[in-house]
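A structural walkthrough
Residue-level listing of the chains:
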Amino acid sequence: NIGAYYFETSQGFKKTGGTANQYLMADGSVSTITNNVTGTGTTNYLSKFTASGTIGNSIIYDDGTSVGIGSTSPLGKLHVVQNDTSTVAAIIQGGLFGALIQGGSAISNYALSVTNSSSSSLLYVRGDGNVGIGTASPTEKLEVNGKIKDSQGILKSQRTITITGNITLSET
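The sections below set out a description of the structure shown in this document. Everything numeric in this text was worked out from a predicted model, so none of it was measured.

1. Some points on the overall build of the protein
- For the protein, the count of helices and strands is 0 helices and 13 strands.
- N-terminal to C-terminal, the α/β element order of the protein is β-β-β-β-β-β-β-β-β-β-β-β-β.
- Here the protein, with 172 residues, has 10% of them falling under the buried criterion.
- Residue pairs at least 24 apart in sequence account for 2% of intrachain contacts in the protein once pairs closer than 6 positions are excluded.
- For the protein, the accessible area works out to roughly 14000 Å², and carbon and sulfur atoms hold 52% of it.

2. Quick word on the sheet that holds strand 13 (residues 142-144)
- Spatial strand order, 10-11-12-13: 4 strands in an open sheet with mixed pairing. At either margin of the open sheet sits one strand with a lone partner, and together these are strand 10 (110-115) and strand 13. Each strand axis lies, on average, 5 degrees off the axis of its neighbour in the sheet, ignoring direction.
- When strand 12 (residues 131-133) meets strand 13, the two strands line up parallel, connected through 3 bridges.

3. Some thoughts on unusual backbone geometry
- Phi at Asn 44 is positive, roughly 80 degrees, even though this residue is not glycine.
- Inspection of the secondary structure assignment puts Asn 44 in the loop between strand 5 (38-39) and strand 6 (45-51).
- Judged by relative accessible area, which is 33%, Asn 44 ranks as partly exposed.
- Despite not being glycine, Ser 119 has its phi angle at roughly 65 degrees, a positive value.
- As for its placement among the helices and strands, Ser 119 is situated in the loop between strand 10 and strand 11 (121-126).

4. Side note on the packing of aromatic side chains
- Evaluated as defined, the whole model comprises 1 aromatic pair.
- When the centroid spacing of 5.3 Å and the interplanar angle of 75 degrees are considered together, the rings of Tyr 45 and Tyr 61 count as edge-to-face. Remark: Tyr 61 occurs in strand 7 (residues 54-62) and Tyr 45 occurs in strand 6; sequence separation between them is 16 residues.
- Tyr 61 gets classed as buried once you look at its relative accessible area, which sits at 13%.

5. What about the pairing of strand 11?
- Pairing between strand 10 and strand 11: 5 bridges, direction antiparallel. By the bridge assignment for strand 11, Val 114 is matched with Leu 123.
- In sequence, strand 10 turns back onto strand 11 through a hairpin of 5 residues, with Ser 119 there showing a positive phi of about 65 degrees.
- With 3 bridges connecting them, strand 11 and strand 12 associate as antiparallel partners. Paired with Leu 123 across the bridge in strand 12 is Ile 133.

Calculation criteria
Residues numbered from 1 in each chain as written. Predicted model: local features only at pLDDT ≥ 70, side-chain atom pairs only at ≥ 80, totals over all residues. Heavy atoms only, no water. Helix = DSSP H or I, 4+ residues; strand = E, 2+ residues; numbered from the N terminus. Buried < 20%, exposed > 50% of the residue type's maximum accessible area, 1.4 Å probe, protein only. Contact = heavy atoms within 4.5 Å. Areas by Shrake-Rupley, 256 points an atom, 1.4 Å probe, with all protein chains shown as cover. Pairing = 2+ DSSP bridges. Axes fitted to C-alpha atoms, helices over the stretch in contact; angles between N-to-C directions. Phe/Tyr/Trp six-rings, centres within 6.5 Å; stacked < 30°, edge-to-face > 60°.

Written out as structure tokens, the structure reads:
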């Protein structure tokens, strides 16, 4: 016994003859919990209030190294999965720039890679600044694998255009 209190390992400090809803205050007085928070959770899921005074699982999964939203096996520091094809998986919205993406600076690194569900490259930005549309290995500042539509005219600062392959020009 510590004065009128004793230590019970399963419930912390408890007043002799008190209840599980009572706890010892720093000044030595005893208070009663009036708004208990109840609920259960699943390992690695962040908790959230699911109702007033009730805790449950959120959709955020944290394995101690990476965080998954909609995924219990995140493949990066943040992995967002949206299986519903009628909604957007993530929106990044900000002030002046909206999003900053930083990657490696070597040719073999990429700063941004956009693929479809079949892992086909749609847009690829290499670490050296080369951009590929329809190719994952652009060799110039802009390389397009496919057709280009230009409805406003090409603005150029130099007069040299190199074309490999066939070209068809027409004016309407």
